[in-house]
Amino acid sequence: MDDRVGTTIHAGFLVTVTAAVAWLSGLPMLFPSLGPSAFVLAMFPRSEASNARRVIGGHTIGVVAGLLAYALLAGGVTMTNALEPGSVEGLRLAASGVLAMVLTVAGMLWARARHPPACATTLIVSLGLLPTLLEGVLIVGAVVVLVSAHRALMIGERASRSYRERTES
């Protein structure tokens, strides 16, 4: 199979599994930064970029940084509200986003858990889109589901390859 087709199917499968969990549970476990994470896992399935520690760790750092920044600077304000230009609320959200990004980048570099899509996660949290502790836990849970689905695909692929090699010999 063409690598482009395989990568596309792989990424689609990963998001489908997470979307099914979100749909069946009714919980907000499908959010924008899962797409880039699924792409990284599918595009670089055996590389350091797809290491579970990096993917889950990066998003966890993003969630913690986002929750901290939001609680300190923007609690009660959300990006979904129409904010007046130059408003104090808008400044609070902007500052929350900046602080969350700085903390996330520093945290990922310090922990050696670099995963660029986690920078989107920290903005989702710090801008008040998913700003509660429960939602933060759900974000990390969704990332664990995504990584688990990826690992299951990799195990299945190895088993299939091993079986083909044994039967062709």
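All figures in this text were calculated on a predicted structure; none of them were measured in a lab.

**Concerning the UniProt feature "domain: HPP transmembrane region" (unreviewed entry) in the protein chain**
Under the local residue numbering, the UniProt record ascribes the feature "domain: HPP transmembrane region" (unreviewed entry) to residues 12-149. Within the segment residues 12-149, helix and strand shares are 71% and 0% respectively, and the terminal C-alpha atoms sit 11 Å apart.

**Let's talk about the UniProt feature "transmembrane region" (unreviewed entry) in the protein chain**
Annotation from UniProt places "transmembrane region" (unreviewed entry) at residues 20-44, 56-73, 93-111 and 123-147. When the span residues 93-111 is considered, its composition is 100% helix and 0% strand, and the gap between its end C-alpha atoms is 26 Å.

**Points about the environment of Leu133**
Among the structural elements, Leu133 can be located in helix 6 (residues 133-168). Between the C-alpha atoms of Leu133 and Val64, which are 69 residues apart in sequence, the distance is 8.9 Å.

**Side note on the environment of Leu138**
Among the secondary structure elements, Leu138 is positioned in helix 6. The exposure class assigned to Leu138 is buried, which follows from its relative accessible area of 11%. Considered as a pair, Leu138 and Leu30 are 108 residues apart in the sequence and their alpha carbons are 9.3 Å apart. The contact partners of Leu138, leaving out residues within four places of it in the chain, are Leu27, Pro28 and Met29.

**Quick word on helix 4 (residues 88-111)**
Over its 24 residues, helix 4 extends 34 Å from the first C-alpha to the last, a length consistent with the 34 Å expected when each residue adds 1.5 Å. Within the span of helix 4, buried status applies to Leu93, Ser96, Gly97, Ala100, Thr104, Gly107, Met108 and Ala111. In the core, the buried residues of helix 4 are packed alongside helix 3 (52-74) and helix 5 (117-126). Downstream of helix 4 by a residue or two, Arg112 has a phi angle that is positive, lying close to 55°.

**Describing the packing of helix 3 against helix 4**
Taken N-terminus to C-terminus, the directions of helix 3 and helix 4 make an angle of 145°; their axes are 8 Å apart at the nearest point. By crossing handedness, the relation of helix 3 to helix 4 is classed as right-handed. Counting all contacts with helix 3, which are made through Arg53, Gly58, Ile61, Gly62, Ala65, Gly66, Leu68, Ala69, Tyr70, Leu72, Leu73 and Ala74, the residues of helix 4 involved are Arg92, Leu93, Ala95, Ser96, Leu99, Ala100, Leu103, Thr104, Gly107, Met108 and Ala111. Grouping the amino acids of the contact of helix 3 with helix 4 by side-chain chemistry returns 15 nonpolar, 6 polar and 2 charged.

Analysis parameters
Residues numbered from 1 in each chain as written. Predicted model: local features only at pLDDT ≥ 70, side-chain atom pairs only at ≥ 80, totals over all residues. Heavy atoms only, no water. UniProt positions renumbered as here; feature names shortened; annotations may be inferred. Helix = DSSP H or I, 4+ residues; strand = E, 2+ residues; numbered from the N terminus. Buried < 20%, exposed > 50% of the residue type's maximum accessible area, 1.4 Å probe, protein only. Contact = heavy atoms within 4.5 Å. Expected span 1.5 Å × (residues − 1). Axes fitted to C-alpha atoms, helices over the stretch in contact; angles between N-to-C directions. Left-handed = near helix turned anticlockwise from the far one by under 90°. Nonpolar A, V, L, I, M, F, W, Y, C, P; charged D, E, K, R; others polar.

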